[in-house]
Amino acid sequence: MSNALGSVLRGFAAYVQQRIDGWRTGSRASQMFLLLVLVAMICLTVVLGLLVEVIVPVAMWFLFLMVGTMLLRFVPLLLLAVVLGAVSVWNSMQTDFATPSRASALVIFALALMLAIYQSSRQRSGLPMALSEAVLTQLRDRLQRQGVVPPLPDGWRSQSATITANGPSYAGDFLVADLREGRWLEMALVDVCGKGTAVGPQALQFAGALGGLIGALPPAELMAAANAFLLRQESEESLATAVHIKVDLVTGDYTITSAGHPPALHWHLGHRGWSIDNARGMALGVIDEAEFTPSKGRLHPGEALMFYTDGVIESADRDLDQGIDWLRHEALKAVDARGFTGLPRRVLKKVPRGDDDRAMLVLERQPLTSPERHSEQHRGL
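Rules used in this analysis
- Residues numbered from 1 in each chain as written.
- Predicted model: local features only at pLDDT ≥ 70, side-chain atom pairs only at ≥ 80, totals over all residues.
- Heavy atoms only, no water.
- Helix = DSSP H or I, 4+ residues; strand = E, 2+ residues; numbered from the N terminus.
- Buried < 20%, exposed > 50% of the residue type's maximum accessible area, 1.4 Å probe, protein only.
- Pairing = 2+ DSSP bridges.
- Salt bridge = Lys/Arg side-chain N within 4 Å of Asp/Glu carboxyl O.
- UniProt positions renumbered as here; feature names shortened; annotations may be inferred.
- Phe/Tyr/Trp six-rings, centres within 6.5 Å; stacked < 30°, edge-to-face > 60°.
- Lys NZ or Arg CZ within 6 Å of the ring centre and 35° of its normal.

**Looking at unusual backbone geometry**
Part 1 of the argument: Of note in this structure, Glu-181 is not a glycine but carries a positive phi near 60°.
Part 2 of the argument: Position of Glu-181 among the secondary structure elements: in the loop between β2 (173–180) and β3 (184–192).

Structure below.
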């Protein structure tokens, strides 16, 4: 008996899990199944009310409406609203419908039905509230996985940090990276224009496109392809700034290509300070023939490059130049205090809260040990 009961429970649990997984896909079949479950529960509520000779309060229909608003897409929710409206009126006719309290409650419920339908029709994703949140959370996780820099050879270290304006859920700033032959490192830090949860899907789509192109095209052609991709999008908000770096991890030679992005900073060991890189270019998604002026340099042992988005330096009480000077000063203090370890996160904590995402990437060529230093000098580097 116990084995049979356990088998039934396991089968029921598997059935429930299957239905939950189906709902997460947002499929039409899963939505209709959920609608039928809610309608069955409404009918059961009416039957129980008739059996015990109790008029179901309007508050009970509000409960079903709230559940439907959270779980159903527009068309199933509209059908549920029709059922709830009909049942609430029919149920009220079983008593004195003309009582002021009952009539006012029905009027309020009718307004709630219309508001729920209107809100559902305005969902840009076409998904119910709870499912939309789940999908966007998956988008966030995928963006974070794409932003992982591959393990670097000895003597090199990469660190990054991001703080979103809307809490821990969504960000329009992202990083893509590629390492080929253990020598050629390419990274792109991107800031997709837009605010709130709407920027999440745009950032993921653009990250997927860049992730497939980085390492396969030269830097200038990569930026041109990214620009063309954004221009093909239907949204008028498909704009982004980006900075791309290609580094030879053997020699330290690098090329920086910027597309409307704040200038990179170079930590020079001899000067003990951050200098401003001169790579410049047009933001992506603005014009067809965007031009980019790259910069070239060499990262020596003990030096570092810093990349960041405009949310780090922009504020209402200072212009961009002042923001860059502020960042150089704070980053200098951070290096003096604890070196480059944890530098992005430590600096971002100093940035005043705002309505823009903040991201930072630091690529460090670590100081040589004595045998390595002798080898470098022998090669004349």
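Picking up after the structure, the text goes on.
**Focus: the pairing of β3**
Part 1 of the argument: Buried residues dominate β3, accounting for eight of its nine residues.
Part 2 of the argument: Hairpin remark: β2 followed by β3, antiparallel, with three residues in the connecting loop; positive phi at Glu-181, about 60°.
Part 3 of the argument: As judged from the nine bridges shared by β3 and strand β4 (residues 240–248), these two strands associate in the antiparallel manner. Looking at β4, one finds that Ala-188 is bridged to His-244.

**What to know about the pattern of salt bridges**
Part 1 of the argument: All chains considered together, the criterion is met by eight salt bridges.
Part 2 of the argument: The partner of Glu-186 in a salt bridge is Arg-180, with the nearest N and O atoms 3.0 Å apart.
Part 3 of the argument: Assessed through its relative accessible area of 1%, Glu-186 is described here as buried.
Part 4 of the argument: Residues Lys-333 and Glu-330 are paired through a salt bridge, measuring 3.4 Å at the closest nitrogen-oxygen approach. Separated by three residues within a single helix, Lys-333 and Glu-330 lie in helix α9 (residues 320–338), roughly one turn from each other.
Part 5 of the argument: Residue Lys-333 is classed as partly exposed on the basis of its relative accessible area of 43%.

**Some words on the UniProt feature "transmembrane region" (unreviewed entry) in the chain**
Part 1 of the argument: Mapped onto this numbering, the UniProt entry gives "transmembrane region" (unreviewed entry) at residues 33–64, 70–91 and 103–121.
Part 2 of the argument: Within the segment residues 33–64, helix and strand shares are 81% and 0% respectively, and the terminal C-alpha atoms sit 15 Å apart.
Part 3 of the argument: Taken as a whole, residues 70–91 contains 91% helix and 0% strand, while its terminal C-alpha atoms sit 25 Å from one another.

**A few points about the packing of aromatic side chains**
Part 1 of the argument: All chains considered together, the criterion is met by seven aromatic pairs.
Part 2 of the argument: Where Phe-174 meets Phe-206, the ring centres are 6.1 Å apart and the plane angle is 90°; that geometry is what we call edge-to-face. On the criterion of sequence distance, the pair formed by Phe-174 in strand β2 and Phe-206 in helix α7 (residues 199–213) is long-range, its members being 32 residues apart. As far as the burial class goes, Phe-174 and Phe-206 line up, both buried.
Part 3 of the argument: What links up through ring pairs into an aromatic cluster is the set Phe-174, Phe-206 and Phe-229.
Part 4 of the argument: Seen from the ring of Trp-184, Lys-246 lies directly overhead, with NZ or CZ sitting 5.3 Å from the centre.

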